[in-house]
Amino acid sequence: MNAPSSSSTSPQIRIIFAPLDEINRDVEPGITTLCRALSIPHEFLSERLRGVCHSFGSRTDQDGFCVWFHYLCKAVELELRHRWYKSAFFLRKDPQGNVTLVCFGATLVVRARLEICLRNGFWADIATQPLALFDLVLDGLFAGLDKTVWDLLDVIRKLERDVLAAAGSRGQKPVTTHQINFPDLHDWAKHLIDLNEGIDSSLLVVDGTLACIDKSQVGRMSSNNTSSSPVTLVQDQLRESLQYRRSLFMSTKLRLHSLDKRVSNTITLAFNVVTQQDSRLVRQDSASMTIISFMTLLFLPTAGVATIVGSELFSTDYDRELGAPRVEYTSPLFWLMWWIAIPLTVVAVLVAVLYRRFVVPSSLSSDRHGYVQREGGVSSGWGSGNAVGRNGSSPWWRKLERQPKKLRPPPGQPGVGLGEGDTHMNPSLLNSKQSSGLVSV
């Protein structure tokens, strides 16, 4: 696209729409020729090879002034379809004042913005301040990005309704957690992160363009003795337009920040709903086990009595005179059974009490302070043969061995014993500890 020019040698303003600056067999000859004709720096092509998500550079050389940037942003569509918008823009103004803009992989929206503006006859302003073309490009990039964010808002609103329905809010009947699409929640949270990266890249492009406004005044303006007031006016208008563009990007960034918070709240709510439903199932299982335990305890005495009576420990016969069964004799094994069963029962109860008293608290303590023992090298025993209990904790008998012992002073020396209630402590030390509340009486 060429602008009308009074010079017959070369156009004053030229816009070139080129394919994406990716080196392959189809476009390599054309891109190489274009880079040589416009003296495009090698950094411009190396940025694409590195896959940068943002770049902005400018350079002043013997061919004039050039500025460029790479743009990368995700375009999210419905049903989790997404693609990446990759584009690059290179702007050159030579010493004669000719302006050339090369759009590599420009979207249809950006191309439409440039064509509409140029058809309206803003050639003079662009010739005065060529960075105005970047303002048009940013307008097109913002239009596509803002549309993506609004589409994303509709999808996230639907996900919120599904999670709220699963939670049974507003008097609705709770549904099963299978209706909550957890992979979709994760994917949309990931898309929000990528879109935030695209907005940050756009804001950096706006800031870089604002910083390069004064640098772009090379060429005909420096050679002609014209008034600088129109140039100043165009520069002021461009700064105002870029500041306004920056505010639009910030507005979309705020909306993305709000969506990020809503997605985080939705994920938290979905997790809590699943946890509540799982705990409800656990309570139901616990109630079932309680019923089973109750029925077992209900019939346990009867089963025990029936086992003893039905064994050969008793010999019974029917007494016709009494009209009832009677016990003829009791086996000696009956009393032997009690002599064996009662001690075994006592031993089993003692083992259970000791297990609850020492082993369970030590395992809980090791869970809380295990990282201190691992990194600090705390020993769990005495000497080289350290005994270690479950989960790396000390066995319960070690706790008995580690009880504080009272230190007896040698004969004829004042006592400095350890432990409360020691009668051999120094009276002055005892008085000082009593005054500070360290010794209990």
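Source: prediction; values computed, not measured.

Trainee: What exactly am I supposed to notice about the sheet that holds strand S2 (residues 54-61) here?
Mentor: Across the sheet, which stays open at both edges, the five strands sit in the order S1-S5-S4-S3-S2 with mixed pairing between neighbours. Bordering the open sheet on either side are strand S1 (13-18) and S2, each of which pairs with just one other strand. Each strand axis lies, on average, 10 degrees off the axis of its neighbour in the sheet, ignoring direction. Pairing between strand S4 (residues 82-93) and strand S5 (residues 99-104): six bridges, direction antiparallel. Residue pairing across strands places Phe90 opposite Val102, the latter belonging to S5. With respect to the sheet, helix H1 (residues 28-38) is in contact with S1, S4 and S5, its orientation differing from that of S5 by roughly 155 degrees.

Trainee: Quick question: what am I supposed to make of the packing of aromatic side chains here?
Mentor: What describes a pair of aromatic rings is the distance from one ring centre to the other and the angle between the planes of the rings. Tallying each qualifying case throughout the model produces six aromatic pairs. For the pair Phe142 and Phe249, a centre-to-centre distance of 5.3 Å together with 80 degrees between the ring planes defines the contact as edge-to-face. Pair noted here: Phe142 is in helix H5 (residues 132-167) and Phe249 is in helix H8 (residues 229-309), with a separation of 107 residues, a long-range link. A residue is classified by how much of its surface remains accessible, and Phe142, at 13% relative accessible area, is buried. Aromatic rings pair up to connect Phe44, Trp68, Phe90 and Phe104 into one cluster. The ring of Phe17 has Arg111 lying over it, and the distance from NZ or CZ to the ring centre is 4.3 Å. One Lys or Arg, Arg357, reaches over the ring of Phe358 and ends 5.1 Å from the middle of that ring.

Cut-off values and rules
- Residues numbered from 1 in each chain as written.
- Predicted model: local features only at pLDDT ≥ 70, side-chain atom pairs only at ≥ 80, totals over all residues.
- Heavy atoms only, no water.
- Pairing = 2+ DSSP bridges.
- Helix = DSSP H or I, 4+ residues; strand = E, 2+ residues; numbered from the N terminus.
- Axes fitted to C-alpha atoms, helices over the stretch in contact; angles between N-to-C directions.
- Contact = heavy atoms within 4.5 Å.
- Phe/Tyr/Trp six-rings, centres within 6.5 Å; stacked < 30°, edge-to-face > 60°.
- Buried < 20%, exposed > 50% of the residue type's maximum accessible area, 1.4 Å probe, protein only.
- Lys NZ or Arg CZ within 6 Å of the ring centre and 35° of its normal.

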